[in-house]
Amino acid sequence: LAVGCIAVGAVAWLSPAVAQIASYDNRDAAAIQMQRSGDKTQGAMIAPLIAYIKGHGGGRTYAGLSDNWGQSFTVGLVPVYKYLENEDVDEVTYLVPTLSLMLDPQTNFDEDNPADYALFGIRYILLPTGSGSLVPAERVMVDGPYTLWEIRSNGYVDPVEVTGTLSADRADVGSSSFPLLYELGANEDWSVKWPGLPNPPAPSLPRADISSGLPPAGTVDRTEADLSEGSLSTEVTMNKPGTLLFSVSYDPGWHAWVDGRPVRTEMLAPALVGVPLSAGEHQVVFRYIGFRWYPELAAVGLLGLAGAFWLGRRWRNAGT
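Every value quoted in this text rests on a predicted model; they were computed, and no experiment measured them.

(A) The overall build of the protein chain, seen in detail. Looking only at helices and strands, the protein chain features 6 helices and 15 strands. Among the 320 residues that make up the protein chain, the fraction classed as buried is 36%. Long-range contacts, defined as pairs at least 24 residues apart, comprise 63% of the intrachain contacts of the protein chain with a sequence gap of at least 6.

(B) Local environment of the packing of aromatic side chains. For the coordinates displayed, the defined rule picks out 12 aromatic pairs. Between Y52 and Y124 the ring centres are 6.3 Å apart and the planes differ by 90 degrees, which places this aromatic pair in the edge-to-face class. With Y52 in helix α1 (residues 2-56) and Y124 in strand β4 (residues 122-128), the pair connects residues that are 72 residues apart, well separated along the chain. Ring plane angle 50 degrees and centroid distance 5.9 Å describe the contact between W69 and F73, whose orientation is recorded as tilted. Residue F73 is classed as buried on the basis of its relative accessible area of 6%.

(C) Examining the pairing of strand β10 (residues 242-249) more closely. Of all 8 residues in β10, 7 are buried, a share of seventy percent or more. With 4 bridges joining them, strand β7 (residues 157-160) and β10 adopt antiparallel strand pairing. Paired with V157 across the strands is F246, a residue of β10. Examined bridge by bridge, β10 and strand β14 (residues 272-277) share 6 bridges and lie antiparallel to one another. Bridged to G242 within β14 is L277.

(D) Broad picture of the pairing of strand β15 (residues 280-288). In the sheet, strand β9 (residues 231-238) pairs with β15 via 8 bridges, with the strands oriented antiparallel. Along β15, the bridge assignment pairs T234 with V284. Here strand β11 (residues 254-258) pairs with β15 via 5 bridges, running antiparallel. The partner of W254 across the bridge, within β15, is Y288.

(E) Broad picture of the nonpolar core. Among the nonpolar cores identified, the biggest contains 19 residues, and Y62, F109, Y117, F120, I122, I125 and L245 are the most heavily contacted of them. Put simply, the parts of the chain that give this core at least two residues each are α4 (114-119) and β4. Counting residues per element, this core draws most heavily on β4, which supplies 3 residues.

(F) Molecular detail of the side chain of Q35. When you line up the elements, Q35 lands in helix α1. At a separation of 2.8 Å, a polar atom in the side chain of Q35 contacts the main-chain amide nitrogen of L77. Sequence-distant contacts of Q35, defined by excluding residues within four places in its chain, comprise V75, G76, L77 and V78.

(G) Structural context of the environment of A47. Along the chain, A47 falls in helix α1. What makes A47 partly exposed here is its relative accessible area of 37%. Distance from A47 to E87, taken between C-alpha atoms, is 9.6 Å for residues 40 residues apart in sequence.

(H) Region of interest: the sheet that holds β14. An order of β7-β10-β14-β13 is seen for the 4 strands of this open sheet, with the pairing classed as antiparallel. Two strands bound the open sheet, and with one partner strand each, they are β7 and β13 (266-268). Geometrically, the sheet is characterised by an average inter-axis angle of 40 degrees between neighbouring strands, direction not taken into account.

(I) Quick look at the environment of G155. Mapped onto the elements, G155 comes out in the loop between β6 (146-150) and β7. Among the residues examined, G155 registers a relative accessible area of 14% and is labelled buried. On a C-alpha basis, the gap between G155 and A118 in space is 7.1 Å, while along the polypeptide they are 37 residues apart. The contacts of G155, once residues within four sequence positions are left out, are G58 and G121.

(J) Representation of the pattern of salt bridges within the structure. Counted by the stated rule, this structure contains 7 salt bridges. The shortest N-O distance in the salt bridge between E138 and R152 comes to 2.7 Å. Highlighted residues: E138 in strand β5 (residues 138-143) and R152 in the loop between β6 and β7, separated in sequence by 14 residues. Judged by relative accessible area, which is 43%, R152 ranks as partly exposed. Its salt-bridge partner being R152, residue E150 comes within 3.3 Å of it at the nearest N-O pair.

What counts as what
- Residues numbered from 1 in each chain as written.
- Predicted model: local features only at pLDDT ≥ 70, side-chain atom pairs only at ≥ 80, totals over all residues.
- Heavy atoms only, no water.
- Helix = DSSP H or I, 4+ residues; strand = E, 2+ residues; numbered from the N terminus.
- Buried < 20%, exposed > 50% of the residue type's maximum accessible area, 1.4 Å probe, protein only.
- Contact = heavy atoms within 4.5 Å.
- Phe/Tyr/Trp six-rings, centres within 6.5 Å; stacked < 30°, edge-to-face > 60°.
- Pairing = 2+ DSSP bridges.
- Core = buried A, V, L, I, M, F, W, Y, C linked by side-chain atoms within 4.5 Å.
- Polar contact = N/O pair within 3.5 Å; in protein donor to acceptor, adjacent residues only side chain to side chain.
- Axes fitted to C-alpha atoms, helices over the stretch in contact; angles between N-to-C directions.
- Salt bridge = Lys/Arg side-chain N within 4 Å of Asp/Glu carboxyl O.

Structure below.
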């Protein structure tokens, strides 16, 4: 009788949780079925566009933000920017609470500002069919509700001329970099490249020298990138001494070689990687090298445990 009462009480106590889980599973089953249907129709339409992006590469893709029209631009029930992530497409402005130094500056991305696309290495734009390109770009492909645009002049690397410095740390790199992004938006010449940030007299806001009359710092002749493996190589012709901007979040793990010689990387606002280059033709290689001492740390840990065990036995034996 006692066991029966306990069983009845347990069932009664757990039944709300069981009912909630069952209801959640049923809703999930319906959503999964709807998404499978969307994958067969809309997924088949967007597939050639994704294949083009992967086949040509050279830059990132923009398909809206989580806080603008991108949330309602979907494949089935999934926003396109999330669908691209699932397809291993290198994209930008997928705003998530990560610890990247680029997170704060990225929230200030202006989709109507061509200079921001160059700054963040955005080469492809996925938009709903029927809407024009947000910035000057070439329409590449249309399939159903999806249209792919390409900015052929943009890529992961860009020769720039840095004319000053900006002091910031992890706490204020976003707010300190915002004036640069804002100032870039004041320029109507979409072809101008990001030239860096001059050192303004206090207390005025930092201003970027974005005069369209400036000659370009250089040209990118060829680029091969595999950022998923942490590597990029490029050939650049510099018209004058300048800096090669690499549109990835700055991290000490990024190392660079210029013409086969190691060169120290530097942080370019807002928190991007750069290397100084002299005038002329150069071959530049970037490679990410993470922490490599995990086996040694594991060995030290095992030795420490063994040593603690040995000392414990000695103390125990000495006590007896």
